[in-house]
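Single-letter residue listing:
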Amino acid sequence: MRRLILPLFSACILLSGCAELQQAATNFPQSGILTNADIAAGLKEALDKGIDKEVTKLTATDGFYKNELVKILLPPELQKVDKGLRNIGLGSLADEGLKMMNRAAEDAVKEATPIFVSAVKNMTFTDARNILLGNNTSATTYLQSTTTTQLYAKFNPVIKSSFNKVGADAVWSNIITKYNTIPLVTKVNPDLTDYVTNKALEGVYRMIAVEEKEIRTNLSERTSSLLQRVFALQDKKS
């Protein structure tokens, strides 16, 4: 979510009118090439293409379930449940349980974008400079440090509600009940809401990191002349 680097800068200028960032924009070496308006427009473009591309992608049906980078699997202590069910011909039931966990994450991630925008509005120029001129995951690290607590608070009840809405509680109750009838197994009774919440957070930041790295290192991902010129500032540091 390389395009988040510009976003992170942009929202302050375009959304909150941060005097600090507006003044800071004049400190970038422009030499007549980039105006303040150009920088602001580039940051807005990155916000649109970064957050929209990766966060929106995860909210789609199968955004988690069919993406191997972020697909949520059972926690280690429950993997024996999955294996046990498949061993007795109940693979479809195990698949349904996995799908419902991922569906809940897809629902929850819809809460992410406004929280990211809020984090951007509170960003200082020092933050923005460090992100633009930082390493391949500087924007992701910044977002993790400023949004994790809020995102968890938003995701957790959505996931719980999603489980209830699609009947996941009933499905998991059925799964565990059937597993517990297998001879000689250790009985289990898990609460998966916290687990899925944390996995959803991991998935969001992982996809943001993928996009950020692309726009930092792959020139073809800078899909406009404005992005190319703005990120040339980053390139010059190395």
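Residues numbered from 1 in each chain as written. Predicted model: local features only at pLDDT ≥ 70, side-chain atom pairs only at ≥ 80, totals over all residues. Heavy atoms only, no water.

**Q** Before we move on, could you go through the overall build of the protein and cite the residues and values that matter?
**A** A tally of helices and strands in the protein yields eleven helices and zero strands. Of the regular secondary structure in the protein, the N- to C-terminal order runs α-α-α-α-α-α-α-α-α-α-α. Looking at the protein as a whole, 50% of its 238 residues are labelled buried. For the protein, the exposed surface amounts to about 11100 Å²; the carbon and sulfur share of it is 52%. (Helix = DSSP H or I, 4+ residues; strand = E, 2+ residues; numbered from the N terminus. Buried < 20%, exposed > 50% of the residue type's maximum accessible area, 1.4 Å probe, protein only. Areas by Shrake-Rupley, 256 points an atom, 1.4 Å probe, with all protein chains shown as cover.)

**Q** Kindly report on the packing of helix H5 (residues 91-108) against helix H8 (residues 138-165), identifying the contributing residues and their values.
**A** A pair of packed helices can be characterised by two numbers: the angle between their axes and the separation between those axes. H8 packs onto H5 with a crossing angle of 135 degrees between their chain directions and a minimal axis gap of 8 Å. Considered as vectors, H5 and H8 are oriented oblique to each other. Between H5 and H8 lies a crossing of right-handed hand. Seen from H5, the contacting residues are Met100, Met101, Arg103, Ala104, Ala105, Asp107 and Ala108; seen from H8, they are Phe155, Val158, Ile159, Ser162, Phe163 and Lys165. When its residues are assigned to classes, the contact of H5 with H8 shows nine nonpolar, one polar and three charged. (Axes fitted to C-alpha atoms, helices over the stretch in contact; angles between N-to-C directions. Parallel < 35°, antiparallel > 145°, perpendicular 65-115°, else oblique. Left-handed = near helix turned anticlockwise from the far one by under 90°. Contact = heavy atoms within 4.5 Å. Nonpolar A, V, L, I, M, F, W, Y, C, P; charged D, E, K, R; others polar.)

**Q** Break down the pattern of salt bridges for me, citing the residues and quoting the values.
**A** Evaluation of the coordinates by the stated rule reveals nine salt bridges. One salt bridge connects Lys53 with Glu221, and the closest N-O pair in it is separated by 4.0 Å. One end of the pair, Lys53, is in helix H3 (residues 36-59); the other, Glu221, is in the loop between helix H10 (193-217) and helix H11 (225-237), with 168 residues separating them in the sequence. A relative accessible area of 19% places Glu221 in the buried class. (Salt bridge = Lys/Arg side-chain N within 4 Å of Asp/Glu carboxyl O.)

**Q** Requested: an account of unusual backbone geometry, with residues and values cited.
**A** For Asp62, which is not a glycine, the phi torsion comes out positive at approximately 75 degrees. Within the fold, Asp62 resides in the loop between H3 and helix H4 (79-87).

**Q** Before we move on, can you summarise the nonpolar core with the specific residues and values?
**A** Ranked by size, the top nonpolar core spans 47 residues in total, and within it Phe116, Phe155 and Val196 carry the most contacts. Breaking this core down by element, the ones donating at least two residues are H3, H4, H5, helix H6 (112-121), helix H7 (125-132), H8, helix H9 (168-180) and H10. Setting aside residues no more than four positions away along its own chain, Phe116 makes contact with Ile51, Val55, Leu143, Thr147, Leu151, Val204, Tyr205 and Ile208. Membership of the second largest hydrophobic core comes to five residues, among which are Leu132, Leu227, Phe231 and Leu233. (Core = buried A, V, L, I, M, F, W, Y, C linked by side-chain atoms within 4.5 Å.)

**Q** A description of the side chain of Ser138 should follow, citing residues and the corresponding values.
**A** Mapped onto the fold, Ser138 is located in helix H8. For Ser138, a relative accessible area of 15% gives the class buried. There is a polar contact of 2.8 Å between the side chain of Ser138 and the backbone nitrogen of Asn135. (Polar contact = N/O pair within 3.5 Å; in protein donor to acceptor, adjacent residues only side chain to side chain.)

**Q** Describe in detail the confidence of the model for the protein, supporting the description with residues and values.
**A** The share of residues in the protein with pLDDT of 70 or more is 74%, and the mean pLDDT across the chain is 76. Looking at the elements of the protein, mean pLDDT is at its lowest for helix H1 (residues 5-16), recorded as 41, and at its highest for H8, recorded as 90. Contacts of residues 4-32 to residues separated by more than four positions or lying in other chains number 80 contacts, the stretch itself having pLDDT below 50. (pLDDT = per-residue confidence, 0-100.)

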